[in-house]
Amino acid sequence: MTVSPAVPQHLAIIMDGNGRWANNRGLPRVVGHRRGVDRIHPLALACACRGIRYLTLYAFSTENWSRPRAEVSALLRLLGTMIDEEARTCLRDNIRLRLVGSVERLSPTLQEKVSAAIALNSENTGLTLCLAFDYGTRAEIVRAARLLAAAETRPDAVTEDAVARNLFTAGSPDVDLLVRCGGEMRLSNFLMWQAAYAELYFTDVLWPDFGEDALDAALVAFASRNRRFGGLEQGGRA
Ligand code: IPE
Ligand code: IPE
Ligand code: MG
């Protein structure tokens, strides 16, 4: 039997359910987003302790710009405070910080904060924490195609490796386990290239409640999966 390694090298999480978490308590949605942000660093530490090397978190999709302006502004403000906090705590905890997604629609001040936080933590050697902000796979693939076209790449040089090298996630391994919390069973434009052979795990737990127990439940499920990557089980008959 083909057995998965016990722990995924790359875990990706769709951090969904902040709004419902707040609604359930009669609180404004933004309180749920704040609580969700507070979950990020403890979860990154828990992942590092369990031997996970890459954690990619979906924080804001290319489609999330269509939310009411007040909510988008609140999310951008939260990114600003969160990135300052993460810059310090990642340095303390040896976590390498990356951003996957476009920074072009962020204000110059926010762009500077993000670049400074990433630069400060780029040499850390522990877990790589990738924050997916203004991220969507379709936009990412269009961007990669444009980069390849602008480099006047010959058609036969457009390989899977060449595309992967031009994605925001270049240099990160493929996703092994993709978790979506909040009860929906869809990918919402998240890492659809990188998760081509990821194990999928859906849970009703809302992101602000997603702690070590929920993480361990996902990891137990992962460890029981039989990954074949299109091949046959080891020992399977031809
Ligand atoms: C996820 O929580 C965070 C973002 C998409 C920014 P939601 O805001 O989608 O929360 P629900 O799904 O409405 O509960
Ligand atoms: C996915 O959640 C995006 C993030 C968690 C950042 P959404 O709440 O935006 O997804 P849909 O709209 O339910 O598909
Ligand atoms: Mg949602």
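A brief look at the structure comes next.

### Regarding the overall build of the protein chain
Here comes step 1: Helices and strands together make up the secondary structure of the protein chain, namely seven helices and six strands.
Here comes step 2: Along the chain direction, N to C, the helices and strands of the protein chain fall in the order β-α-α-β-α-β-α-β-α-α-β-β-α.
Here comes step 3: Taken over the C-alpha trace, the protein chain has a radius of gyration of 18 Å; the compact-globule value for 238 residues is 18 Å, and the two agree within 12%.
Here comes step 4: Projected onto its principal axes, the C-alpha coordinates of the protein chain cover approximately 60 × 45 × 35 Å.
Here comes step 5: Buried residues in the protein chain amount to 47% of all 238 residues.
Here comes step 6: Sequence-distant contacts, at least 24 apart, represent 79% of the contacts inside the protein chain between residues at least 6 apart.
Here comes step 7: Per element, the accessible surface of the protein chain, about 12,200 Å² overall, is 53% carbon and sulfur.
Here comes step 8: Looking at charge distribution, the protein chain has the averaged site of its 28 positive side-chain charges lying 3 Å from that of its 27 negative ones.

### Observations regarding the pairing of strand 6 (residues 199-202)
Here comes step 1: Of the two faces of strand 6, the one lined by Glu199 and Tyr201 is fully buried and the one lined by Leu200 and Phe202 carries no buried residue.
Here comes step 2: Here four bridges tie strand 5 (residues 177-180) to strand 6, and the two strands are oriented parallel to one another. Looking at strand 6, one finds that Val179 is bridged to Tyr201.

### A few points about the pairing of strand 3 (residues 96-100)
Here comes step 1: Most of strand 3 sits out of view: four of its five residues are buried.
Here comes step 2: Here five bridges tie strand 3 to strand 4 (residues 128-135), and the two strands are oriented parallel to one another. Among the inter-strand pairings, Leu99 is bridged to a residue of strand 4, identified as Leu131.
Here comes step 3: The handedness of the strand 3 to strand 4 crossover, carried by helix 4 (residues 108-121), is left-handed.

### A look at the sheet that holds strand 1 (residues 10-14)
Here comes step 1: Overall, parallel pairing links the six strands, which are arranged 3-4-2-1-5-6 in an open sheet. Edge strands, defined here as strands with exactly one partner in the open sheet, are strand 3 and strand 6. Strand-to-strand, the axes of this sheet are offset by a mean angle of 20 degrees, without reference to chain direction.
Here comes step 2: Inspection of the sheet shows strand 2 (residues 54-61) paired to strand 4 by seven bridges, in the parallel sense. Residue Leu55 lies in a different strand from strand 4, and its bridge partner there is Leu129.
Here comes step 3: Helix 3 (residues 69-93) contacts strand 2, strand 3 and strand 4 of the sheet and is inclined by roughly 165 degrees relative to strand 4.

### Observations regarding unusual backbone geometry
Here comes step 1: Of note, the phi angle at Asn189 is positive, near 70 degrees, even though the residue is not glycine.
Here comes step 2: By secondary structure assignment, the location of Asn189 is in the loop between strand 5 and strand 6.
Here comes step 3: Phi at Leu191 is positive, roughly 45 degrees, even though this residue is not glycine.
Here comes step 4: Looking at the secondary structure, you find Leu191 in the loop between strand 5 and strand 6.
Here comes step 5: Judged by its relative accessible area of 1%, Leu191 falls in the buried class.

### Concerning the packing of helix 3 against helix 4
Each pair of packed helices can be described by the angle between their axes along with the distance between the axes.
Here comes step 1: Following both chains from N to C, one finds helix 3 and helix 4 inclined at 15 degrees, their axes separated by 9 Å at the closest point. Here helix 3 lies roughly parallel to helix 4, going by the angle between them. By crossing handedness, the relation of helix 3 to helix 4 is classed as left-handed. Within the contact between the two elements, helix 3 uses Leu76, Leu79, Gly80, Ile83, Asp84, Glu86, Ala87, Cys90 and Leu91 and helix 4 uses Leu110, Lys113, Val114, Ala117, Leu120 and Asn121.
Here comes step 2: Its residues placed into classes, the contact of helix 3 with helix 4 shows 10 nonpolar, two polar and three charged.

Parameters and conventions
Residues numbered from 1 in each chain as written. Chains lettered and ligands numbered in written order. Predicted model: local features only at pLDDT ≥ 70, side-chain atom pairs only at ≥ 80, totals over all residues. Heavy atoms only, no water. Helix = DSSP H or I, 4+ residues; strand = E, 2+ residues; numbered from the N terminus. Rg over C-alpha atoms; globule rule 2.2 N^0.38 Å. Buried < 20%, exposed > 50% of the residue type's maximum accessible area, 1.4 Å probe, protein only. Contact = heavy atoms within 4.5 Å. Areas by Shrake-Rupley, 256 points an atom, 1.4 Å probe, with all protein chains shown as cover. Lys, Arg positive; Asp, Glu negative; His and termini not counted. Charge placed at Lys NZ, Arg CZ, Asp CG, Glu CD. Pairing = 2+ DSSP bridges. Right-handed = clockwise from strand over helix to strand, strands pointing away. Axes fitted to C-alpha atoms, helices over the stretch in contact; angles between N-to-C directions. Parallel < 35°, antiparallel > 145°, perpendicular 65-115°, else oblique. Left-handed = near helix turned anticlockwise from the far one by under 90°. Nonpolar A, V, L, I, M, F, W, Y, C, P; charged D, E, K, R; others polar.

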